[in-house]
Amino acid sequence: MTPRFEFDLENRLPRLSPAGAENGLSPSQPTPRKSDLPRSLPEPLTFPGGDMVEALEAISELVEEIAEEIAQPEGEDHPIEEFQAGFLPVLRNLNFLALWGGQVFSQLADKVYLVLMIMLIDNRFQTAGQPISGWVSSIMIAFTIPAVLFGSIAGVYVDHWPKKAVLVATNLLRGGLVLILPPLLWITQGWSPLGTLPIGFGMLLAITFLVSTLTQFFAPAEQAAIPLIVDRRHLLSANSLYTTTMMASVIIGFAVGEPLLAIADSLVAHLGGGLNIGKELLVGFSYAIAGIILIAMQTREKIDLAELAEQEPPKVWDNIRDGVRYLGEQGRVRAALIQLVILFSIFAALAVLAVRLAEVMPALKSSQFGFLLAAGGVGMAIGATLVGQFGQRFSRAQLALAGSIGMAGALGGMSIFTHQLWPTLGLLVVLGCCAAIVGVPMQTTIQEETPEEMRGKVFGLQNNAINIALSLPLALAGVAETFLGLRIVLLILATLTIAGGALTWTISREAQSKTVS
C-alpha cells in the first residue's frame, strides 16, 4: 500500500497515514492539543506519497490562510498591532501605568522621608552647638538594618502572597506610620527616661525601622509584578521607565525635598491654625496615594485566598536555599546579579568620593557635592531612555559590556580632571548614562529568565546583595581615598568595572553555549 502524507488540521501537524506502517514506517503521533481553526476545512488533507513537493506547497498555502485568519479575526476590520519598540506599547498598558504611578509617589516619599527625619531632628532634638551627624547616623542605621536582615526573608513571603496586596498594603501602612508621627511626638515631648535619649527620638528610630522593613517587602513585590503585567518583549522598555523614575526621584527628593517640606508646612500652618505638621502629611499622603493608585492594577495572578489562608507558613531558610541553588544553576541570572552588585558598589563609592571631589575643586564647596551626584542621576535618566527606545536591537550581554567599557572610560577620565568642574560634570553624565546601559538590561534579564514562582526569592536575594553592596563601599571608599589618593581609587573603580563587564560577558556566553548544545 502506498504511504500517504497527511496534514492533521486539529493539531496542526504533518503525519504519515497508518498505511505507512505497512511499508516499515511509523506514523507520527500528533501532539494532543486543540486548534481554533475553522472546522469547515477538510480534515485531514491527503496527498499521494510521491507528490511531497505538492504537499509542502499546499501546507504553505494553508499556513498563509491561517496567518490571515489569526491576523484579522472575524468581526474586526483592523489587523493585530505589529510589534513596536520603545515606550509607546508600555505606556498603553493601563496596569503598568498604575504600577508606574504608584512607583512615582512611593519612590518620592522614600527619598523625602530621610529629609523629613533630618528636619525633625534639627527642629526637636539637636541642641545648640551639637553636631547633627550622630543623630542622623542613628537614623541611617535604623533604616539600613532591616535591609540587611529582612531582604531575603521578605522575598520568600512575596512569592507566597498576592503581589498586588503586598504593594497596596506596604504603601498604606508606611503612610499610616508617618501620619502618626505628629501625635506621638506631641505626647512624648520632654520625656527622657532613657538617660539622655529622648523618647521622641526613640519613636523616630522605631518608625524608621518599621518603614524600612515594609520597604523590604515592597521592593521585591514591585520587581516581581512588572513581568506579570508587561509582555516579555516590552520588559526592557518597562525597566527603562522604572529606572528613569527611580533616578528622577533621587534628584527631586534630595534636591528639592527640603523646600517641598517647608512649603507643605507653611500651607498647613496657614490653613490649619498654626499646626506644624505639613511635612509629615506630605510624606504620609504620598505613600497613601501610591497605595490607592495600585488598587487599580490587575496582575492576573491566579491565587486562591482561601487556600492561601490554609497553607502553612513558608519554610524561610529552605526557600532561601532554593533561591541560592537557582542562581547557581542559571548562569545568565547569576551574571546579571553580579553585574548589578558591582554597579551599585561603584555608585555607593562615588557617593563618598563626590564629597572629596567637591572639596578639591576650586569651583565648588564640599557641601555642594550634590551637584556632582545630580549629574550622574541625569546621565542615568538619559541612558535609561535610550535603552528603552533603542535597546531592543542588541543583546543584553552586548549592552552590559558596552556600558561597562563606557563607565570605565568615564572613571578613567575623572581621574585626570579631578580639579576641573565642567569636564568632571560631563564625565559623570556619561558615567550615569553607561550605568543605565548596564543596569536596565541586567534587571530585565533577571525578570525574563526567572520563573514566576521563584521571582520573590531571587529579587529578595538581589535586594539583600545590593544593600550589602551599598554598605561596604560607604565604609571602605573614604579609607581607601585617604591612603591611596583620589586618582588611584577612581582607576581601581574603572578596573573593577571592566572586570565585572568581562565576567558577565563570559558567564552569559558560557550559559548560551550550554543552552545551544
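From a predicted model like this one, the values you see are computed outputs, not experimental measurements. Throughout this document, residue positions are counted from 1 along each chain, in the order its sequence is written. Only residues with pLDDT of at least 70 are given local features in this predicted model, and only at 80 or more are side-chain atom pairs given and counted; all residues enter the totals for whole chains, interfaces and linings. Water and hydrogen atoms were dropped before computing side-chain values, which therefore reflect all heavy atoms in the structure.

**Student:** Explain a nonpolar patch on the surface here, please?
**Tutor:** Side chains of Val 479, Phe 483, Leu 484, Ile 488, Leu 491 and Ile 492 sit close together on the surface and give an oily, nonpolar patch of about 590 Å² of accessible area. Each helix corresponds to a stretch of at least 4 residues labelled H or I by DSSP, and each strand to a stretch of at least 2 residues labelled E; elements are numbered beginning at the N terminus. Residue assignment for the nonpolar patch shows that the elements contributing at least two residues are helix H16 (455–484) and helix H17 (486–516). For Phe 483, the position within the fold is in helix H16. For Phe 483, a relative accessible area of 69% corresponds to the exposed category. Surface patches are defined over residues having more than 30% relative accessible area and no salt bridge, joining like charges when they lie within 9 Å and nonpolar side chains (Val, Leu, Ile, Met, Phe, Trp, Tyr) when within 5 Å. A 1.4 Å probe and the Shrake-Rupley method give the accessible areas. Residues count as covered only by the protein chains that appear here. Salt bridges are defined as contacts in which a side-chain nitrogen from Lys or Arg sits within 4 Å of a carboxyl oxygen from Asp or Glu. Working definition: with a 1.4 Å probe on protein chains only, accessible area under 20% of the residue-type maximum means buried, over 50% means exposed, and in between means partly exposed.

**Student:** Quick question: what am I supposed to make of the pattern of salt bridges here?
**Tutor:** Pairs can form between side chains of opposite charge once their charged atoms are near each other. Here the structure, examined in full by the defined rule, presents eight salt bridges. For Glu 449, the salt bridge identified is with Arg 232, shortest N-O distance 4.0 Å. Of this pair, Glu 449 sits in helix H15 (residues 421–449) while Arg 232 is found in the loop between helix H7 (199–229) and helix H8 (235–271), placing the two residues 217 residues apart along the sequence. Taking the shortest distance from any N to any O, the salt bridge between Arg 356 and Glu 359 comes out at 3.2 Å. In this pair, Arg 356 and Glu 359 both sit in helix H12 (residues 331–360), three residues apart, roughly one turn of the helix. Given the relative accessible area of 32%, Arg 356 is considered partly exposed. Members of the salt-bridge network, linked through shared partners, are Arg 232, Arg 332 and Glu 449.

**Student:** Would you mind showing me how to read the packing of aromatic side chains here?
**Tutor:** Here the distance between the centres and the angle between the planes together describe a pair of aromatic rings. By convention, a stacked pair of Phe, Tyr or Trp rings (six-membered ring in the case of Trp) has centres within 6.5 Å and planes under 30 degrees apart, an edge-to-face pair has planes over 60 apart, and any other such pair is tilted. Enumeration according to the criterion identifies five aromatic pairs in this entry. Their ring planes at 20 degrees and their centres at 6.4 Å tell us that Phe 96 and Trp 100 sit as a pair that is stacked. Here Trp 100 and Phe 96 lie together in helix H3 (residues 94–125), a separation of four residues that amounts to about one turn. Residue classification places Phe 96 among the buried residues on the basis of a relative accessible area of 2%. Cluster of aromatic residues (ring-pair linked, three or more members): Tyr 157, Trp 161 and Phe 217.

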